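Listed below, chain by chain, are the residues.
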Amino acid sequence: MKILVAVKRVIDYNVQIRVKEDNSGIVTDNVKMSTNPPDDNAIEEAVRIKESGKAKEIVAITIGEDKAQETVRKALAVGADRGIHVKTEGIVEPLAVSKILKAIVEKEKPDLVFMGKQAIDDDCNQTGQMLAALLNWPQATFASKIEVKDKSLEVTREVDEGLETIEVKIPAIVTCDLRLNEPRYASLPNIMKAKKKPLDQMSATDLGVDTKPRIEQIKVEEPPKRKAGIKVANVAELVNKLKNEAKVI
Amino acid sequence: MTKEVMEYDVVIVGGGPSGLSSAIKLKQLNPEINVCVLEKASEIGAHILSGNVFETRALDELIPNWKELENPIKTKVTKEKFLFLGKNKSISWPTWLLPKVQQNHNNYIISLANLCRWLAEQAEKLGVEIFPGFPASEILYDNDGSVKGVATQDMGIDKDGNKKDSFESGIELHAKVTIFAEGCRGHLGKQLINKFELDKGKNPQQYGIGLKEIWEIDEKHHEEGLVMHTAGWPLDNNTYGGSFMYHAENKQIFLGYVIGLDYKNPHLSPFDEFQRFKTHPSIKKYIKGGKRISYGARALIEGGIQSLPKMYMPGALLIGCDAGTLNMPKIKGSHTAMKSGMIAAETIVEHFRDNKSLSIYEEKFNKSWVHKELHQARNVKPSFNWGLILGIIFTGIDQILFRGKLPFTLKHKHADHEALMPAEKMPKIDYPKPDNIITFDKTSSVYLTGTNHTDNQPVHLHLKDPELPIKYNLEKYDEAAQRYCPAGVYEVQMENNINKFVINSQNCIHCKTCDIKEPSQNINWVTPEGGGGPKYGNM
Amino acid sequence: MSVLLIAEHSNKELKPFTLNVINAATKIDEDVHVLIMGHNSDPVAKSLSEVSGVKKVIHVDNLIYENYVAENYVPVILKYADKYSHIVSAANTFGKNLMPRVAAKLDISQVSDIIKVISSDTFLRPIYAGNAFATVKSNDPKKCVTVRPTSFEPAPSSGGSAEIEKGDTGEEYSSTKFVKKEEIKSDRPELGTARIVISGGRGLQSGDNFKLITAVADKLNAAIGASRAAVDAGYITNDHQVGQTGKVVVPDLYIAVGISGAIQHLAGMKESKVIVAINKDGEAPIFSIADYGLEADLFEALPQFLEELNKLNTIQK
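A. Representation of the overall build of chain B in the model. Looking only at helices and strands, one finds 16 helices and 24 strands in chain B. Compactness check: chain B gives a C-alpha radius of gyration of 22 Å against a globular reference of 24 Å for 539 residues, within 12% of the reference. Here the C-alpha coordinates of chain B stretch approximately 60 × 60 × 45 Å along the principal axes. Burial analysis of chain B (539 residues in total) assigns 66% to the buried set. Summed over its atoms, the accessible surface of chain B is roughly 20600 Å², and 50% of this surface lies on carbon and sulfur atoms. Of the side chains in chain B, 64 bear a positive and 64 a negative charge, and the two mean positions are spaced by 7 Å.

B. Structural view of the sheet that holds strand β9 (residues 143-147) of chain C. Residue and element names in this part refer to chain C. Pairing within the open sheet is parallel, and its 7 strands lie in the order β5-β9-β4-β1-β2-β3-β10. The sheet is open, and its two borders are formed by β5 (111-114) and β10 (163-166), each paired with just one other strand. Between one strand and the next, the sheet's axes are offset by a mean angle of 25°, whatever the strand orientation. Sheet topology note: the strand β3 (residues 54-61)/β10 ladder contains 4 bridges and is parallel. Across the sheet, residue histidine 59 finds its bridge partner in β10, namely lysine 166. Where helix α3 (residues 70-81) meets the sheet, it contacts β1 (3-6), β2 (32-38), β3, β4 (86-90) and β10, and its direction lies at approximately 150° from that of β2.

C. Representation of the pattern of salt bridges in the model. For the coordinates displayed, the defined rule picks out 60 salt bridges over all chains. Note that lysine 330 of chain B is salt-bridged to glutamate 373 of chain B, the shortest N-O span being 3.2 Å. Here glutamate 373 of chain B lies in helix α10 (residues 369-377) and lysine 330 of chain B lies in the loop between α7 (320-323) and α8 (334-354), a separation of 43 residues in the sequence. Using a relative accessible area of 12% as the deciding quantity, one classes lysine 330 of chain B as buried. A salt bridge links aspartate 478 of chain B to arginine 483 of chain B; the shortest N-O distance between them is 3.6 Å. Within this structure, Lys2, Glu57, Arg82 and Glu108 of chain A form a network of salt bridges that share partners.

D. Local environment of the environment of leucine 5 of chain C. Residue and element names in this part refer to chain C. In this fold, leucine 5 is placed in strand β1. For leucine 5, a relative accessible area of 0% corresponds to the buried category. Between the alpha carbons of leucine 5 and valine 117 there is a distance of 15 Å; along the sequence they are 112 residues apart.

E. Molecular detail of the pairing of strand β4 (residues 57-64) of chain A. Residues and elements named next belong to chain A. The buried fraction of β4 is high, at 7 of 8 residues. In this sheet, β4 lies alongside strand β1 (residues 2-7) in parallel orientation, the contact comprising 6 bridges. Of the residues in β4, the one forming a bridge with isoleucine 3 is isoleucine 58. Pairing of β4 with strand β5 (residues 82-87), which is carried by 6 bridges, proceeds in the parallel orientation. Looking at β5, one finds that threonine 62 is bridged to histidine 85. In this fold, β4 hands off to helix α2 (residues 69-77), which returns the chain to β5; that crossover is right-handed.

F. Expanded view of the interface of chain B and chain A. Listed per partner, the contact involves 34 residues of chain B and 21 residues of chain A. For the chain B and chain A pair, buried surface summed over both sides reaches about 2400 Å², with 56% attributable to carbon and sulfur atoms. The tally of links from chain B across to chain A stands at 3 salt bridges. Ionic pairing is found between glutamate 216 of chain B and arginine 18 of chain A, a salt bridge with its closest N-O pair at 3.1 Å. For the pair chain B and chain A, the number of links is 8 residue pairs in polar contact (both at pLDDT 80 or more). For the side of chain B that touches chain A, the secondary structure elements donating two or more residues are β1 (5-13), α3 (112-125), β8 (129-132), β11 (155-157), β12 (163-168), β18 (291-301) and α13 (442-449) of chain B.

G. Examining the side chain of histidine 59 of chain C more closely. Residue and element names in this part refer to chain C. With respect to the element layout, histidine 59 can be found in strand β3. Histidine 59 gets classed as buried once you look at its relative accessible area, which sits at 1%. Within the local environment of histidine 59, its side chain forms a polar contact with the side chain of lysine 166, the two groups lying 3.0 Å apart.

H. Inspection of a positive patch on the surface at higher detail. Together, Arg57, Lys100, Lys372, Arg403 and Lys405 of chain B make up a positively charged patch on the protein surface. Of note, lysine 100 of chain B is situated in the loop between β6 (90-93) and β7 (108-109).

I. Inspection of the domain arrangement of chain B at higher detail. All names here are of chain B. What the domain assignment reports for chain B is domain 1 (5-66 + 113-202 + 309-377) and domain 2 (439-525). Spacing between the C-alpha centres of domain 1 and domain 2 amounts to 28 Å. Counting residues at the interface gives 11 residues for domain 1 and 12 residues for domain 2. Between domain 1 and domain 2 the total buried area reaches about 990 Å² when both faces are included, carbon and sulfur atoms providing 47% of it. By the criterion of area lost to domain 2, the three top residues of domain 1 are Lys40, Lys159 and Arg185, representing 46% of everything that side buries. Note that aspartate 515 and lysine 190 form a salt bridge whose closest N and O atoms lie 2.8 Å from each other. Summed over the shared surface of domain 1 and domain 2, the number is 7 residue pairs in polar contact (both at pLDDT 80 or more). The residue makeup of the side of domain 1 that touches domain 2, split by class, is 2 nonpolar, 3 polar and 6 charged.

J. Representation of the packing of aromatic side chains within the structure. One pass over the structure, following the stated rule, counts 20 aromatic pairs over all chains. Plain terms: the ring middles of tyrosine 73 of chain C and phenylalanine 94 of chain C are 6.1 Å apart, the flat faces sit at 75° to each other, and that makes the pair edge-to-face. Of this pair, tyrosine 73 of chain C sits in helix α3 while phenylalanine 94 of chain C is found in helix α4 (residues 93-105), placing the two residues 21 residues apart along the sequence. Tyrosine 73 of chain C gets classed as buried once you look at its relative accessible area, which sits at 3%. Here the aromatic residues Tyr65, Tyr68, Tyr73 and Phe94 of chain C are joined through ring pairs into a cluster of three or more. The ring of tyrosine 141 of chain B has lysine 195 of chain B sitting right over it, with the charged end atom 4.4 Å from the ring centre.

K. Representation of the sheet that holds strand β13 (residues 223-226) of chain C. Taken in spatial order, the 6 strands make up an open sheet running β13(A)-β16(C)-β15(C)-β14(C)-β12(C)-β13(C), and their pairing is parallel. Each edge of the open sheet carries a strand with a single partner, namely β13 (230-232) of chain A together with β13 of chain C. Across the sheet, the mean angle separating the axes of adjacent strands is 20° when strand polarity is ignored. Note that β13 of chain A and strand β16 (residues 292-295) of chain C share 3 bridges and pair parallel. Looking at β16 of chain C, one finds that isoleucine 230 of chain A is bridged to tyrosine 292 of chain C. With respect to the sheet, helix α5 (residues 210-220) of chain C is in contact with β12 (196-200), β13 and β14 (253-257) of chain C, its orientation differing from that of β12 of chain C by roughly 175°. Packing against the sheet, helix α8 (residues 298-311) of chain C makes contact with β12, β14, β15 (274-279) and β16 of chain C, and its axis sits at approximately 145° to β14 of chain C.

L. Seen up close, a nonpolar patch on the surface. Taken together, the side chains of Trp386, Ile389, Leu390, Ile393, Ile397, Ile400, Leu401 and Phe402 of chain B make up a nonpolar region of the molecular surface, amounting to roughly 780 Å² of accessible area. Note on placement: leucine 390 of chain B falls in helix α12 (residues 388-401).

M. Highlighting the interface of chain C and chain A. On the chain A side, the residues contacting the 84 residues of chain C number 73 residues. Carbon and sulfur atoms make up 54% of the surface buried where chain C meets chain A, a total of about 6700 Å² over both sides. The largest contributions to the chain C side of the interface with chain A come from Thr93, Tyr128 and Tyr292 of chain C, which together make up 11% of the buried area. Remark: the boundary between chain C and chain A carries 5 salt bridges. One salt bridge in this structure joins aspartate 107 of chain C and arginine 214 of chain A, with 3.0 Å as the shortest N-O distance.

Rules used in this analysis
Residues numbered from 1 in each chain as written. Chains lettered and ligands numbered in written order. Predicted model: local features only at pLDDT ≥ 70, side-chain atom pairs only at ≥ 80, totals over all residues. Heavy atoms only, no water. Helix = DSSP H or I, 4+ residues; strand = E, 2+ residues; numbered from the N terminus. Rg over C-alpha atoms; globule rule 2.2 N^0.38 Å. Buried < 20%, exposed > 50% of the residue type's maximum accessible area, 1.4 Å probe, protein only. Areas by Shrake-Rupley, 256 points an atom, 1.4 Å probe, with all protein chains shown as cover. Lys, Arg positive; Asp, Glu negative; His and termini not counted. Charge placed at Lys NZ, Arg CZ, Asp CG, Glu CD. Pairing = 2+ DSSP bridges. Axes fitted to C-alpha atoms, helices over the stretch in contact; angles between N-to-C directions. Contact = heavy atoms within 4.5 Å. Salt bridge = Lys/Arg side-chain N within 4 Å of Asp/Glu carboxyl O. Right-handed = clockwise from strand over helix to strand, strands pointing away. Buried area = accessible area lost by both parts, 1.4 Å probe. Polar contact = N/O pair within 3.5 Å; in protein donor to acceptor, adjacent residues only side chain to side chain. Patch = residues over 30% accessible without salt bridge, like charges linked within 9 Å, V, L, I, M, F, W, Y side chains within 5 Å. Domains from an automatic or database assignment. Nonpolar A, V, L, I, M, F, W, Y, C, P; charged D, E, K, R; others polar. Phe/Tyr/Trp six-rings, centres within 6.5 Å; stacked < 30°, edge-to-face > 60°. Lys NZ or Arg CZ within 6 Å of the ring centre and 35° of its normal.

See below:
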């Protein structure tokens with residue numbers, strides 16, 4: 001079995017993002033970037049499946065500018081065998097990403113495609129489902145447990161009401177939740193080895209995918225600041241306000 | 001379990017200006033030498049914080065064609081100001097009356113973090129292997145007592161010391177020579193200085209804490225290339241310190257405050273002094289209507305040549321501010337740190353090639369311009385022990401009339417941790433409440449540093465005596481840690497009517513102030529899990 | 001122009017969030033049609049037809065829709081998609097799972113998780129976990145949109161009288177099978193979805209004192225949260241942590257007790273509809289964002305709060 005894992009380079013989750021002064025977007029210069037957190041879970045799961053003997057090869061793919069390669073290198077350092085970097089410029093919407101991934105799937109013919117459930121930058125939560133649609137493959141989103149069976153996966157999904165279990169036939173797309181596993185650290189020797197693993201580069205144009213955005217980003221702003229309300233004198237007044245003014249209890 | 005071993009010719013601990021310059025120079029002198037750089041931050045530059053007005057002397061020597069390359073050194077100093085601040089007033093000091101070392105035309109306003117990122121790129125092009133996210137946590141010694149390398153931290157240990165699922169053992173890096181370039185108060189450098197008695201016969205090291213914010217300000221107040229320093233308010237005559245304001249590119253200013261850690265009043269809070277300083281009319285007028293976009297703090301070396309330890313020992317060299325090469329009157333340490341690293345590289349190449357002892361480092365260093373600079377500067381900082389006014393008068397005589405050539409050397413008499421006076425004997429300081437426009441509280445400031453340490457790992461701030469903060473420090477010094485820490489790591493909390501000392505180690509921004517200032521040297525800063533700590537951008 | 005909205009339900013009743021999404025849809029266009037796929041789901045179709053603002057209900061009832069499987073829903077939606085300018089659902093795990101599969105089949109770039117309708121093609125949506133708001137305009141001929149339910153009031157569940165049209169079953173997708181669903185049977189709602197959250201900070205002074213929080217939470221059927229400081233101090237486990245590295249919560253009511261309001265914590269709860277702060281330090285930053293601030297010792301205030309709540313005849317749950 002072969003697993004393709006898609007990883008995205010995003011602003012590190014610890015960095016407080018800053019809106020550009022001209023409201024055209026978010027400042028990304030000199031900002032620490034990292035792998036999108038649930039994508040780390042996706043890689044980890046693929047590596048665990050390989051370690052259990054159920055998969056033979058893991059291919060990590062990223063889409064973006066040159067520096068996005070760091071994300072693939074990190075995936076290679078924790079156990080992916082090979083990397084692909086599809087070079088693009090500017091914003092690439094999930095629809096275009098899923099078209100690129102589709103083209104790669106057609107070339108690589110993986111049995112499974114894993115990725116994080118959502119990127120922490122645009123918060124779209126679309127790519128996995130879109131790729132599943134384009135390939136007409138089953139989709140198991142928000143996976144918090146994956147059991148690999150003979151020709152299928154049993155996937156436990158984190159849904160609003162609790163947990164849901166579905167069975168999807170292979171080939172399938174899985175999007176991973178943070179609760180799926182605890183990603184391992186890349187060891188120093190493995191980082192060294194990762195530098196020598198193959199990393200193919202191509203562009204979206206090579207794959208015949210138009211990445212022109214369909215959605216115009218008109219402006220990006222800081223969320224409005226919340227203003228202080230009132231101070232109440234005592235508990236009775238508080239309960240009265242909550243009951244009769246705010247009507248929340 | 002034995003750790004995996006990797007062998008290098010040279011292992012460099014720390015990816016700052018000295019370590020990276022050393023790596024580059026080594027490869028330039030002999031491309032065959034294999035060199036790796038370990039960096040505790042998640043990426044090069046993420047733990048770098050500095051003013052910074054940059055003198056290019058060392059860089060001119062290291063990469064003579066740097067101007068032809070794409071580089072992050074953009075803003076030339078065009079104008080200088082020096083102000084003495086009173087509470088509401090300020091007096092401008094003519095720049096021609098400033099000591100030569102404080103004149104900055106020919107220098108550049110830069111982000112040292114960005115310069116380090118750039119140096120790292122140059123180093124990697126030459127074949128240096130750089131590993132961010134891997135703190136060196138332990139020094140390894142050979143049977144003969146010489147340094148044989150370092151071990152990296154184990155990853156994935158829970159707070160009780162058990163291995164988590166994600167446990168990944170650290171490894172041993174063995175090297176013919178290990179270079180320690182951790183910056184001011186490196187936690188391995190500290191051990192080496194003790195073990196090899198590198199500071200024997202030297203004055204106690206002197207430190208300061210530097211706090212810095214980056215502001216994006218209104219175009220009409222921004223003068224790219226302007227360098228401004230102040231002394232005076234809000235500090236009293238007996239506390240050593242002052243501010244900087246550098247007008248960088250993109251409408252940004254680098255605004256900072258440095259306070260000598262030999263301050264006496266345990267009620268003093270460097271963070272709050274800095275916040276208060278910004279309310280001075282001469283400062284406020286620049287930042288009004290602007291936006292603070294970054295915050296950070298870092299301890300720095302102020303001891304100069306009197307306190308500079310021996311920089312070589314069997315199997316290792318100690319460079320940059322891990323030893324203490326900063327030139328305090330010049331308010332610059334990057335060029336001297338770089339040069340000390342380049343000398344280290346030359347030393348090692350001769351050591352390998354001609355089997356010369358590492359002790360040649362000292363001869364080379366003493367012959368270099370770094371030594372000359374530090375020698376000339378040596379009397380400035382200690383003269384401020386007499387207070388700001390006498391210090392300035394003396395410095396004028398020493399630096400302007402005699403150019404640092406007076407035939408005596410003033411001593412640093414005490415270590416900084418010995419300086420605190422009992423709380424009851426010192427005046428309390430009433431700091432104004434933050435307005436969240438010009439002045440801020442610690443937590444919202446720390447948020448801007450992006451600092452984080454993975455949950456559930458051992459606390460990396462070790463107390464030698466866990467009882468001491470409450471039993472001794474609280475009574476005697478009103479536990480000054482609550483105030484000298486610029487990140488709100490230390491708090492005293494009342495719990496069920498019992499005082500408890502709380503260490504919010506997640507907040508730590510790796511400035512090392514606590515390790516320096518704690519009166520009984522009770523706090524030992526050790527490396528947390530790799531990648532932890534601040535995520536500075538263009539600091 | 002008209003909107004096709006995909007309803008979420010349990011075959012017996014409508015999921016309440018659908019009402020919020022209906023309200024959002026009416027802001028895009030008045031002509032809102034709701035598509036419901038289920039099994040033995042007549043009661044849901046009926047209740048939908050009564051919702052104010054709904055013009056038409058399309059009801060597809062078949063065993064294959066007994067459980068929600070996006071792969072089965074999509075062919076039905078695609079059959080109707082032609083007639084609509086917008087296809088809308090909730091931005092919860094139901095809609096997030098479903099809508100992109102629809103959008104990709106239609107070659108549409110989806111607009112996720114909108115919090116405001118600016119015009120029929122322009123929306124406001126949070127990015128970077130709500131740390132920035134983006135105004136986006138979709139240039140696709142048709143729009144696929146998911147709506148953050150908590151950003152819109154629910155549409156009144158009565159007052160409408162829409163016709164119910166029976167729709168045809170779509171093709172069954174054989175590669176995905178529903179196995180089971182385990183609703184988390186906790187006496188307490190989940191932190192991420194609770195309508196009310198009450199959180200404790202270091203002001204609680206011990207893990208044991210969290211029982212004061214628990215007592216109020218029981219009464220209000222609220223989830224229990226905590227500040228990082230309280231978690232670090234070991235008062236409570238870190239799955240309760242609200243803020244930067246913990247959860248982001250957006251309940252109707254957030255009660256912060258003994259929490260000073262470190263900015264990391266504020267980032268995790270500042271979008272809550274109503275915020276109450278109880279703290280004895282009148283200068284605590286939490287008061288700067290609280291709708292109702294009570295400056296009091298929590299050890300006195302919490303028991304009184306419970307007592308006052310007990311006096312009320314009814315408490316919304």
